[in-house]
Amino acid sequence: MKIDLNDLSAFAAVAMAGGFRDAARLHDTSASRLSDAVRRLEAQLGVRLLHRTTRSVSLTEAGRGLLTRLEPALTEMQSALEAVNVFRDRPAGTLRLNVPVSVARLVLPAIVSPFLAAYPDIRLDVVAEESFVDILAEGCDAGIRYGERLEQDMIAVPIGPRTQRMAAAAAPAYLARHGQPEHPRDLMNHACLRGRFPSGNMAVWEFERGGETLRIDATGPLVVLIGGGVDLAVDAAIGGSGIVYLFEQWLRPHLDSGALVPILEPWWQRFPGPYLYYSGRRFMPAALKAFVDFVRTQAPITA
C-alpha cells in the first residue's frame, strides 16, 4: 500500500492541533485541504482516524495508535530537512514566536525590522497573548517571557532591556481633584485602573523601596484585559479617570508630554528584562538559529 506522506503529515497536524482550522492556521494551508487529505488517508487505510463533529475533532483508537507511531518519524524528517537548510546561503523558513503583548509592543519593534532586513527569506509569525502556554504544543518554535514564567528545561537568551520598571501615573486633572498619593497605601483611597489576566487573576500592583515591598490590591472604576485592553486603561488615565500602573516604557511618551504625571516614583519596582526561550531537546530550525544568533549580537539595553 502506497501512502502519500503529505496525507500522513496532514493527519498528524490536525491531530496535534485538535482541529482542522487550528492546524490550517499553524501550517499555512486551508482546512478543506487538510480535510481532503485525511479523508484520502482514511479511505486508503480503511479505518476512521478522527471523530468529527461541528464543534470538535478527536482521535479514534486507530488514530491515536497511528499518531503515536508517526510523531517520532515526522520529527526526524523535519530535523533532516532543517539539517539540509543550514547549507543554504541564507536561512529560510517560518519562525513562530509566542510573546506577551508587552514584548510585542516594547521589545520586538527594535529587533524585527533589522532582523527581517538581514534575513529576507525568513518569515516571522508572532503570536501575542498573555496566556502561559506550552510553546511546542502550540506549534511555536520559541517564546519570550519573563524569568518567573519561563518553562523548565528550556534554553534562555536575554532579549531587549535587561532592566525594566513598573510605573504609576495619573493625569494632572485627576491629581488636582484628588491629591497626590505620598505612599503606596494611599492608593487604597484612589481610583485605580486595573488589569486582569486571561486566567481571571488580577495583576498585582507591587512597589519597592529600601528593601520594603508592598503589594497593593486597590480598586477603581475600570478593569481591562491585560493585552488588548491596556491602551484603553492608558487613555482613561489620560482622560482623568484614575491612576494607571504599567511598564514605564509604555507610559514614557505620555509622561514626557505631560499628559500623565509620575506617582510614587521612588517606589517604582525594577525587575529583570525578558528572555527568548526554546527547547534544547530537538534540532534547532535554521530560522530559529538565525534569530537566536541575531539576538545574541544585540548590545544589551540597561533600561
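Criteria and cut-off values
- Residues numbered from 1 in each chain as written.
- Predicted model: local features only at pLDDT ≥ 70, side-chain atom pairs only at ≥ 80, totals over all residues.
- Heavy atoms only, no water.
- Buried < 20%, exposed > 50% of the residue type's maximum accessible area, 1.4 Å probe, protein only.
- Helix = DSSP H or I, 4+ residues; strand = E, 2+ residues; numbered from the N terminus.
- Pairing = 2+ DSSP bridges.
- Axes fitted to C-alpha atoms, helices over the stretch in contact; angles between N-to-C directions.
- Parallel < 35°, antiparallel > 145°, perpendicular 65-115°, else oblique.
- Left-handed = near helix turned anticlockwise from the far one by under 90°.
- Contact = heavy atoms within 4.5 Å.
- Core = buried A, V, L, I, M, F, W, Y, C linked by side-chain atoms within 4.5 Å.
- Phe/Tyr/Trp six-rings, centres within 6.5 Å; stacked < 30°, edge-to-face > 60°.
- pLDDT = per-residue confidence, 0-100.
- Arc of directions from axis to C-beta.
- 1 Å grid on protein atoms, 1.4 Å probe; cavity = no way out; pocket = protein on both sides within 12 Å on 5 of 7 lines; lining within 4 Å.
- Points joined across faces, edges and corners; volume = space filled by probe spheres on them.
- Nonpolar A, V, L, I, M, F, W, Y, C, P; charged D, E, K, R; others polar.

**Observations regarding the pairing of strand E12 (residues 243–247)**
In step 1: Burial analysis of E12 places five of its five residues in the buried class, the great majority of the element.
In step 2: Note: strand E7 (residues 163–170) against E12, four bridges, orientation antiparallel. By the bridge assignment for E12, Ala169 is matched with Val244.
In step 3: Sheet topology note: the strand E8 (residues 192–196)/E12 ladder contains two bridges and is parallel. Along E12, the bridge assignment pairs Cys192 with Ile243.

**Examining the packing of helix H6 (residues 109–118) against helix H10 (residues 286–297)**
In step 1: Packing of H6 against H10 leaves a shortest axis separation of 11 Å and a crossing angle of 125°. The pairing of H6 with H10 is recorded here as oblique in orientation. At the point where H6 passes H10, the crossing takes the right-handed sense. Residues Ile111, Pro114, Phe115 and Ala118 of H6 touch H10, and the partners they reach there are Ala287, Ala290, Phe291 and Phe294.

**Concerning unusual backbone geometry**
In step 1: Look at Leu264: it is not a glycine, yet its phi comes out positive at around 55°.
In step 2: Its location among the elements puts Leu264 in the loop between strand E13 (261–263) and strand E14 (270–272).

**Focus: the environment of Val38**
In step 1: Among the structural elements, Val38 can be located in helix H3 (residues 31–45).
In step 2: Not counting the four nearest positions on each side in its chain, Val38 is found in contact with Ala10, Phe11, Val14, Phe20, Leu50 and Arg52.

**Notes on the nonpolar core**
In step 1: Core analysis: the biggest nonpolar cluster contains 61 residues, and Phe207, Leu251, Leu276 and Phe291 have the highest contact counts within it.
In step 2: Here this core takes seven residues from H10, the largest share from any one element.
In step 3: Excluding its chain neighbours within four sequence positions, the residues that come into contact with Leu276 are Leu97, Ala142, Gly143, Ile144, Ile155, Ala156, Val157, Ile159, Phe291, Val292 and Val295.
In step 4: Core analysis: the second largest hydrophobic core is formed by 21 residues, Ala12, Val14, Leu34 and Leu49 among them.

**Some details on the packing of aromatic side chains**
In step 1: Using the criterion set out here, one finds eight aromatic pairs in the structure.
In step 2: An angle of 20° between the planes, with centres 5.1 Å apart, marks the rings of Trp205 and Tyr245 as stacked. Here Trp205 is found in strand E9 (residues 205–209), whereas its partner Tyr245 is found in strand E12, with 40 residues between them in sequence. Each member of the pair, Trp205 as well as Tyr245, is classed as buried.
In step 3: When the ring of Phe207 is compared with that of Tyr245, the centres are 5.2 Å apart and the planes differ by 55°; the resulting orientation is tilted. Taken as a pair, Phe207 in strand E9 and Tyr245 in strand E12 lie far apart in primary sequence, 38 residues in all.

**What to know about the confidence of the model for the protein chain**
In step 1: Of all residues in the protein chain, 92% have pLDDT values of 70 or greater, and the mean over the chain is 88.
In step 2: No element of the protein chain has a lower mean pLDDT than helix H4 (residues 61–85), at 78, and none a higher one than E13, at 98.

**Things to note about helix H8 (residues 230–238)**
In step 1: Considered for burial, the residues of H8 that qualify are Val230, Ala233, Val234, Ala236 and Ala237. For H8, the angular spread of the buried residues around the axis is 160°, confining them to a single face.
In step 2: Of the surrounding secondary structure, the elements contacted by the buried residues of H8 are E8, strand E11 (222–225), E12 and helix H9 (248–257).
In step 3: Downstream of H8 by one or two residues, Gly240 has phi in the positive range, about 95°.

**A look at the sheet that holds strand E15 (residues 275–279)**
In step 1: Taken together, five strands build an open sheet; the order of strands is E4-E3-E5-E15-E6 and the sheet is mixed. Looking at which strands have only one partner, the edges of the open sheet turn out to be strand E4 (122–128) and strand E6 (154–158). Looking at each pair of strands side by side, their axes are set apart by 25° on average, direction ignored.
In step 2: Two elements, strand E3 (residues 93–99) and E4, share seven bridges in a ladder whose sense is parallel.

**Quick look at the layout of surface pockets**
In step 1: Taken as a whole, the second largest pocket spans an internal volume of roughly 900 Å³.
In step 2: Lining the second largest pocket are 33 residues, with Met166, Phe197, Ala203, Val204 and Phe247 sitting closest to its centre.
In step 3: Where the lining of the second largest pocket is concerned, the elements lending two or more residues are helix H5 (101–106), E8, E9, H8, E12 and E14.
In step 4: Take the lining of the second largest pocket: its biggest share by element is four residues, from E12.

**Notes on the packing of H8 against H9**
In step 1: It is at 12 Å that the axes of H8 and H9 come closest, and there the two elements cross at 30°. On the basis of the axis angle, H8 is roughly parallel to H9. Crossing angle aside, the handedness with which H8 passes H9 is right-handed. Contact residues: H8 offers Val230, Asp231, Val234 and Ile238, while H9 offers Trp250, Leu251 and His254.
In step 2: When grouped by side-chain class, the residues that make up the contact of H8 with H9 number five nonpolar, one polar and one charged.

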